[in-house]
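Chain and residue survey
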Amino acid sequence: MYARVAILTERGALTETYTYEIPEHFAGVRPGACLLVPFQNLVRIGYLVEMLPEPDVPRVRAAIGRVETSDIPDERVELARWMAQHWCAPVGSCLRLMMPPALRGRIQRRVRAVCEHRPEGVRGATAELLDFLTGYGPISVAALARKFGRDAAHRALAGLRKHGLIAEEAEILHPGSTPKTERVYSVPHVDAARSWIDANRNRRPSQAALLTYLLETGTPVSRSEILSQHPSAASRLAQLVKAGLLREELHPVLRRPAEEAAGSQSPFALTTDQAQAVARLENAIREGCFREILLFGVTASGKTEVYTRAIEAVLSAGRGAIVLMPEIALTVHAVAHFRGRFGETLAVLHSRLSSGERADEWRRIERGEARVVLGPRSAVFAPLADPGIFIIDEEHE
């Protein structure tokens, strides 16, 4: 089994695709699969673009790993291939557009010794590195370079690799994309907590007061919220957890873009021209087939309200909407209006967000939690399952 693979680097994508053999144990591999492939003397991230019945080059190397958590849906691969052909662009560069930077990842290579005892022929710095691996276990190549020096480590690894004394593996790291968590506290046994408060109200008043506060809240409370109400409660929390009176857990927290002041929640009455524009858009949405509609209006003529009514119609039909703004500055100003009308179903994507914020917004869209996407041009690649309308604001810009 063979395939053409688009190879990504830290700075972009290589212009050509390359042919690799796909091992039989890569079960169910298909276009969009994320692979680890050897390229020159490195291990690179590659995306399977096309399956081949036979190799189309004389010498073929085999893919060495599979990272299923980073696969791309095959419909995005199909789109990337069409883009590459239409605009004469590298298919790998097109694929990169469909992933937020924090989820593109970088490779960390690790090595481990596969021999219990050092062979007699291994000496010097190579022997020192092998002894270290034997006692330490798997370790990243970067860590070895820091410990032994970059050139010395790579020379020693080359010698060990040649004699089959080490095994190498790789994984994709996603900096900034690790889900954020926060510590939350709850009362697992209410009756026991009340009895403890009655018995210790005078002897341990500060702990009793904190436990009473959490009992009255009745739901898990985050550590930050507790410390905002009780600034010196950190040590008391630890004591109550140790005594079994509180339960400490890690809950996932979505990193959200900085909130803008929400605009007006209620729609205003439409003018005659606005009502006609909305009616035409609603008719096109009901028909459910492709239409291009130009909405022309001078500044402050109420185009945004027309957009909003069209999005409401799309949401009512069970579909989603993508709104593209000409630049980030306008995106930020538009957030207030759309947040006021669509609340938590709005996701915002632009380059001023942190990598973690972009990754979390991307996940919200993929999971269907956000059905309205707002951003500049790159937001067109948001993973919205069933978009019913694309609004290109100030299209001439």
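Above this text sits the structure in question.
Residues numbered from 1 in each chain as written. Predicted model: local features only at pLDDT ≥ 70, side-chain atom pairs only at ≥ 80, totals over all residues. Heavy atoms only, no water.

Below, the discussion takes up helix H8 (residues 205–217). Between its terminal C-alpha atoms H8 stretches 18 Å, which fits the 18 Å expected from 13 residues at 1.5 Å a residue. For H8, every residue scored as buried is listed here: Gln207, Ala208, Leu210, Leu211, Tyr213, Leu214 and Leu215. Against the buried residues of H8 lie strand S10 (180–186), helix H7 (190–200), strand S11 (221–222), helix H9 (223–229) and helix H10 (234–242). Directly after H8, the chain includes glycine 218, whose backbone phi takes a positive value near 80 degrees. (Helix = DSSP H or I, 4+ residues; strand = E, 2+ residues; numbered from the N terminus. Expected span 1.5 Å × (residues − 1). Buried < 20%, exposed > 50% of the residue type's maximum accessible area, 1.4 Å probe, protein only. Contact = heavy atoms within 4.5 Å.)

Read across the open sheet, the 6 strands follow the order S5-S2-S1-S4-S3-S6; overall the sheet is mixed. Taken across any chain shown, the strands that pair with only one partner, and hence form the sheet edges, are strand S5 (61–62) and strand S6 (65–66). In the sheet, strand S3 (residues 34–39) pairs with strand S4 (residues 42–52) via 6 bridges, with the strands oriented antiparallel. Note on S4: the bridge partner recorded for proline 38 is valine 43. (Pairing = 2+ DSSP bridges.)

This part covers the packing of helix H4 (residues 124–136) against helix H6 (residues 150–162). As a packed pair, H4 and H6 sit with axes 9 Å apart at the nearest point and diverge in direction by 80 degrees. As judged from the angle between their axes, H4 and H6 are roughly perpendicular. Each of Ala125, Thr126, Leu129, Leu130 and Leu133 in H4 lies in contact with H6, whose residues at this interface are Ala153, Ala156, Leu157 and Leu160. (Axes fitted to C-alpha atoms, helices over the stretch in contact; angles between N-to-C directions. Parallel < 35°, antiparallel > 145°, perpendicular 65-115°, else oblique.)

Okay, the packing of aromatic side chains next. Pairs of aromatic rings are described using the distance from one ring centre to the other and the angle between the two planes. In the structure shown here, the tally under the stated rule is 5 aromatic pairs. With a centroid separation of 5.0 Å and 20 degrees between ring planes, the pair formed by phenylalanine 132 and tyrosine 136 is classed as stacked. Of this pair, phenylalanine 132 and tyrosine 136 both sit in helix H4, 4 residues apart, which is roughly one turn of the helix. Note on phenylalanine 338 and phenylalanine 342: the rings are 6.2 Å apart at their centroids and 15 degrees apart in plane angle, and the pair reads as stacked. Of this pair, phenylalanine 338 and phenylalanine 342 both sit in helix H13 (residues 328–342), 4 residues apart, which is roughly one turn of the helix. In this structure phenylalanine 342 comes out as buried when scored by relative accessible area, which is 9%. (Phe/Tyr/Trp six-rings, centres within 6.5 Å; stacked < 30°, edge-to-face > 60°.)

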